[in-house]
2 protein chains.
Amino acid sequence: MTSVLPTPDLLYLLAGDPAELAETVAGIQSADLADTLNRLPPEAAGKVISALPFDVAVQVLDQPELDRRAELFETMDTAVASTLIEAMSADQQAEIFRQLGKVERARLIKTLDQPTREVLTFLLQYPPNTAGGIMTTEFVGVPARWTVDESLRYINRVGRAKETVYAIFVLDDAGGLMHVVSLRELIQAERSQIVALVGDQRDPLSVGPLVDREDAARLISKYNLLAIPVVDEKKHVMGIVTVDDVIDTLLEELTEDVQKFGGMEALDAPYMQISFWSMIKKRGGWLSALFLGEMLTATAMGYFEHEISKAVVLALFIPLIISSGGNSGSQATSLIIRAMALREVTLRDWWRVAMRELPTGLALGVLLGIVGLLRILLWQKLGFYDYGTHFILVAATISCSLIGVVTFGSLAGSMLPFLLRRLGFDPASASAPFVATMVDVTGIIIYFSVAYVILRGTLL
Amino acid sequence: MTSVLPTPDLLYLLAGDPAELAETVAGIQSADLADTLNRLPPEAAGKVISALPFDVAVQVLDQPELDRRAELFETMDTAVASTLIEAMSADQQAEIFRQLGKVERARLIKTLDQPTREVLTFLLQYPPNTAGGIMTTEFVGVPARWTVDESLRYINRVGRAKETVYAIFVLDDAGGLMHVVSLRELIQAERSQIVALVGDQRDPLSVGPLVDREDAARLISKYNLLAIPVVDEKKHVMGIVTVDDVIDTLLEELTEDVQKFGGMEALDAPYMQISFWSMIKKRGGWLSALFLGEMLTATAMGYFEHEISKAVVLALFIPLIISSGGNSGSQATSLIIRAMALREVTLRDWWRVAMRELPTGLALGVLLGIVGLLRILLWQKLGFYDYGTHFILVAATISCSLIGVVTFGSLAGSMLPFLLRRLGFDPASASAPFVATMVDVTGIIIYFSVAYVILRGTLL
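A brief look at the structure comes next.

A word on the environment of W379 of chain B. Residue and element names in this part refer to chain B. With respect to the helices and strands, the residue W379 is situated in helix α20 (residues 350-382). It is 70 Å that separates the C-alpha atoms of W379 and R105, two residues lying 274 residues apart in sequence. Residues within four places of W379 in sequence aside, it is in contact with F384, Y385 and Y387.

Here it is as structure tokens:
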């Protein structure tokens, strides 16, 4: 189904006849060629690209799946590099320039032709996580007074250089967006008809350049669009975000969200390719922060050292109790993070969510409390372990603590994403380890408070 | 930008003039109309749909964003329901029939016309998570001997009833798939040209009906396709999976993955809509399983009760140490789950991953070990806490345990997804709480073993 050329073959061809290389690569999809190049060291990959037929080289470089694109350009001859960049699509040019080092960027931009330089400067002003940051300027716009026939002939002429010809933007005399016509509607319309009268006459959906790219993706997905126009305040079309940008965006966000939820910075690179020190940096930061937070458990435990020495049996259940709180918190957080991302839940729903999580947490706490109670009584009766004369009171302590800790965990875990969003942070930073750390400290305090109430006068 | 009609307005219009209702809804996007209907009780929504102009009703019902679609049909008159279903697109028909109860399904399918019934029976044989399960049968196929002109006229005639006209499948005399032409290529070609000679002549990408829908999504994304054909063994096109199915699939998987990683069953419904008992069931199952696993910590701690009673100071650091192992494990797991989902890492890479995680875990362990060491020495020197005469040995115990636990956590966390996949489970079931539970028990054993070695003869 997919055909990745084995690396040695490619290198062998490189040494030989250029015509043979051209013929071989003509049968391969650009995305597969990118896969093959990803397995070569950057210098070798750079050489292969320089040796490829020009069109094929441009197509391969246009693949976001090609790794280390900026690096590849750095290894190439400047003249070759700038000719290739000029032929690439505008959004991919911008993407590569974002990855280039400052020096290299300044050096390369000077060698580009005037139009490319202008588009690049224009696109690079938008942050990469915005609609402006992923848009491309290669869209088809036609004046409203043109006929269908004129429009189709125009598309035939310029179509090759455009990212998509399936969404056509009908513009008024001032260049403002009037509506969007699909190619499907255009080819089904009367040839002599004016495009202003073809297709859906409703106000078209559009986004501003600074709208979050995820929101642009959500609109494309919700309204089943092939592209959404990015417009300025005067409704001038600045560019378009296409459906394949959306998929790339979604896949990237998916990876980032899961990594963040795992309690680390997003890697922004394939696992197998990231360097040892970047890995340590991305993981060590959060791990140390969580460690410092978790140190509060040692402090909290310090206050109860006397109780522990009097009733060592209490220590046995500390991991069980705090982890149950962390687990229920982690469940609640994952639910709310996704509900927020899908806009099922917004900031002002916090109270409704709290009123759902409180009974849910309580019910789950009672469930675990009963299991915990049975476990201790059973072990005692069967003689697996001796929890002492007051084993019933110990069991009651564990059981009540579980109810308290699981309820608190569910509530705290569900409220944390709201709190983070309220403070202006990404709610997805509320990772499972973050929640667990927060609940651990409180869990210890709940546990020993319950123990103090139930066991005072007997064990304590 | 998006215009959701306030619910009372819609109900008001419903009571009044049908023409007025038709005019109002004509200005609204189907996806927004679906949003409005989602806020009504099913009976009211069913009534609104029955009152809508037929075309609008079909478009709204075709929106996967419309909740409770099966339920809506159950509230409708059977004759109305079957006319609406017949006009819907095939993949959405199948989706709704999958959600219907057995009785309702049998009742409704009998009322449909012959062609609809046949397509439905055909589509329903594929599981919902396969390419066959999300494909639609409404694609454009043309015989290879047709000219461009004939093909375009055919598209004009049948286009309205097709899911997409942008990918056209060129078929040989036996009906087998030869290649795919885009509408873009078709309109740019000479009118008298034979379609067999237009566009990319390479073997087209395709999938079998039982391929995982995520794999179909990945191909569409990788090769920037608008649709991928689903073919049988004889290369006959059975249907197509389009790019908007892919986005829906990706968003669904994203939500499922985050929820599973949070340590629960995927909800399969919006957070605010799921019933209390479904919620308890989805969360209580895993929570109880994790609780039973975590009980092993109490068992493990039981073995060290004697040590704890001799050196209570050791108990203070238990939460700190086991949570550090859990956190590093959760990081490693989230990395590997994503790397596997993106096919960056496959089953046979386990050894390479282990050889990456071992030094990474060691380095992270040393980092936390140093922080932990400094914390204890500092608190002792500054008089915040008295860890006793042997505080240096205690600090050394904590430090060495952290190195061991974090290294083990990273290694275990990264290997768990491999183990699950090897055993035939979804690697994404390796949730953060699952890893934490696994590492907690081992963490206790590592901690007390290190303590035994370092503190024997002094505290122990």
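Back to the text.
Our focus in this paragraph is the relation of the copies chain B and chain A. Between the two copies of the chain lies a relationship made up of a rotation around an axis and a movement along it. In screw terms, the move from chain B to chain A is a rotation of 180 degrees and a rise of 0.2 Å along the axis, fitting with an RMSD of 0.3 Å. In symmetry terms, the pair is related by a two-fold rotation axis. Taken as a fraction of all interface residues of chain B, those also at the interface in chain A reach 100%, which identifies the copy contact as same-surface.

The subject of this paragraph is the sheet that holds strand β3 (residues 177-182) of chain A. Residues and elements named next belong to chain A. The strand order across the open sheet built from three strands is β1-β2-β3, with neighbouring strands paired in mixed fashion. Two strands bound the open sheet, and with one partner strand each, they are β1 (140-143) and β3. Across the sheet, the mean angle from the axis of one strand to that of its neighbour is 30 degrees, orientation sign disregarded. Bridge analysis of β1 against strand β2 (residues 167-171) gives four bridges, and the strand direction is parallel. Within β2, the residue paired with V140 across the bridge is I168. Contacting β1 and β2, helix α12 (residues 148-158) runs over the sheet at an angle of about 150 degrees to β1.

What follows covers the sheet that holds strand β3 (residues 177-182) of chain B. All names here are of chain B. If you walk across this open sheet you meet the three strands as β1-β2-β3, and the pairing is mixed. With partners counted over all chains shown, the strands left at the sheet margins are β1 (140-143) and β3, one partner each. Strand-to-strand, the axes of this sheet are offset by a mean angle of 30 degrees, without reference to chain direction. Where strand β2 (residues 167-171) lies against β3, five bridges are found, and the strand directions are antiparallel. Note that in β3 the partner of L171 across the bridge is L177. Here helix α12 (residues 148-158) sits on the sheet and contacts β1 and β2; the angle it forms with β1, its principal contact strand, is near 150 degrees.

Let us now look at the environment of T299 of chain A. If you trace the backbone, T299 of chain A turns up in helix α16 (residues 276-303). The sequence separation of T299 of chain A and V441 of chain A amounts to 142 residues, and the corresponding C-alpha distance is 9.0 Å.

All right, on to the pattern of salt bridges then. Applying the stated criterion across every chain yields a total of 18 salt bridges over all chains. A salt bridge links R153 of chain A to D149 of chain A; its shortest N-O distance comes to 3.4 Å. A residue pair is termed a helical-turn pair when its members lie 3 or 4 positions apart in one helix, as R153 of chain A and D149 of chain A do in helix α12 at four residues. Taking the relative accessible area as the measure of exposure, D149 of chain A reaches 25% and is therefore partly exposed. Put simply, K222 of chain A and D35 of chain B hold a salt bridge, and the shortest N to O gap is 2.4 Å. Note that K222 of chain A is positioned in helix α14 (residues 213-222) and D35 of chain B in helix α3 (residues 30-38), a pairing that runs across two chains. A cluster of three or more residues bridged by salt bridges with shared partners is formed by D32 and D35 of chain A together with K222 of chain B.

Okay, the packing of aromatic side chains next. Summed over all chains, the structure comprises 24 aromatic pairs over all chains. Considering the side-chain rings of F304 of chain A and F448 of chain A, the 4.5 Å spacing of their centres and the 10 degrees angle between planes classify their relative orientation as stacked. Linking F304 of chain A in the loop between α16 and α17 (305-310) with F448 of chain A in helix α22 (residues 432-455), this pair joins segments that are 144 residues apart in sequence. Judged by centre distance (6.1 Å) and plane angle (90 degrees), the rings of F122 of chain B and Y126 of chain B are edge-to-face. Overall, the relative accessible area of 26% leaves F122 of chain B in the partly exposed class. On the basis of relative accessibility, which here comes to 11%, the residue Y126 of chain B falls in the buried class. In textbook terms, an aromatic cluster arises when at least three aromatic residues are bridged by ring pairs, as seen for F304, Y447 and F448 of chain A. Its end group placed over the ring of Y271 of chain B, R356 of chain A keeps NZ or CZ at 5.4 Å from the ring centre.

It is worth spelling out a nonpolar patch on the surface at this point. Residue and element names in this part refer to chain A. A contiguous nonpolar patch, built from W350, W351, M355 and L358 and spanning about 420 Å² of accessible area, is present on the exposed surface. By the secondary structure assignment, L358 is in helix α20 (residues 350-382). The partly exposed category is assigned to L358, whose relative accessible area is 34%.

Turning next to the side chain of K282 of chain B. Residues and elements named next belong to chain B. Among the secondary structure elements, K282 is positioned in helix α16 (residues 276-303). Judged by relative accessible area, which is 17%, K282 ranks as buried. Sequence-distant contacts of K282, that is, excluding residues within four places in its chain, are made with M264, E265, A266, L267 and D268.

Quick look at unusual backbone geometry now. Apart from glycine, the bulk of residues carry a negative phi angle, and the bulk of peptide bonds sit in the trans form. Residues and elements named next belong to chain B. Look at N224: it is not a glycine, yet its phi comes out positive at around 50 degrees. Within the secondary structure layout, N224 lies in the loop between α14 (213-222) and β4 (227-231). For N224, a relative accessible area of 34% gives the class partly exposed. Even without being glycine, K235 reaches a positive phi, approximately 70 degrees. Its place among the elements puts K235 in the loop between β4 and β5 (237-242).

Next up on the list: the pairing of β2 of chain B. All names here are of chain B. Counting buried positions over the five residues of β2 gives five, a clear majority of the element. Burial along β2 is two-sided: A167, F169 and L171 facing one way and I168 and V170 facing the other are all buried. Read from β1 through α12 to β2, the crossover connection turns out right-handed.

How big an interface is tends to be stated in terms of accessible area lost as the parts join. Taken residue by residue, the interface counts 127 residues in chain B and 127 residues in chain A. With both sides pooled, the region where chain B packs onto chain A buries about 11200 Å², and carbon together with sulfur makes up 65% of that total. Our count for the chain B to chain A interface comes out at six salt bridges. Between D32 of chain B and K222 of chain A there is a salt bridge, with the nearest N and O atoms lying 3.3 Å from each other. For the interface between chain B and chain A, the tally reads 42 residue pairs in polar contact (both at pLDDT 80 or more). The biggest single contributor to the side of chain B that touches chain A is α16 of chain B, with 18 residues. Residue composition of the side of chain B that touches chain A, by class: 69 nonpolar, 35 polar and 23 charged.

Conventions we followed
- Residues numbered from 1 in each chain as written.
- Chains lettered and ligands numbered in written order.
- Predicted model: local features only at pLDDT ≥ 70, side-chain atom pairs only at ≥ 80, totals over all residues.
- Heavy atoms only, no water.
- Helix = DSSP H or I, 4+ residues; strand = E, 2+ residues; numbered from the N terminus.
- Contact = heavy atoms within 4.5 Å.
- Least-squares fit on C-alpha atoms with pLDDT ≥ 70 in both.
- Pairing = 2+ DSSP bridges.
- Axes fitted to C-alpha atoms, helices over the stretch in contact; angles between N-to-C directions.
- Salt bridge = Lys/Arg side-chain N within 4 Å of Asp/Glu carboxyl O.
- Buried < 20%, exposed > 50% of the residue type's maximum accessible area, 1.4 Å probe, protein only.
- Phe/Tyr/Trp six-rings, centres within 6.5 Å; stacked < 30°, edge-to-face > 60°.
- Lys NZ or Arg CZ within 6 Å of the ring centre and 35° of its normal.
- Patch = residues over 30% accessible without salt bridge, like charges linked within 9 Å, V, L, I, M, F, W, Y side chains within 5 Å.
- Areas by Shrake-Rupley, 256 points an atom, 1.4 Å probe, with all protein chains shown as cover.
- Right-handed = clockwise from strand over helix to strand, strands pointing away.
- Buried area = accessible area lost by both parts, 1.4 Å probe.
- Polar contact = N/O pair within 3.5 Å; in protein donor to acceptor, adjacent residues only side chain to side chain.
- Nonpolar A, V, L, I, M, F, W, Y, C, P; charged D, E, K, R; others polar.

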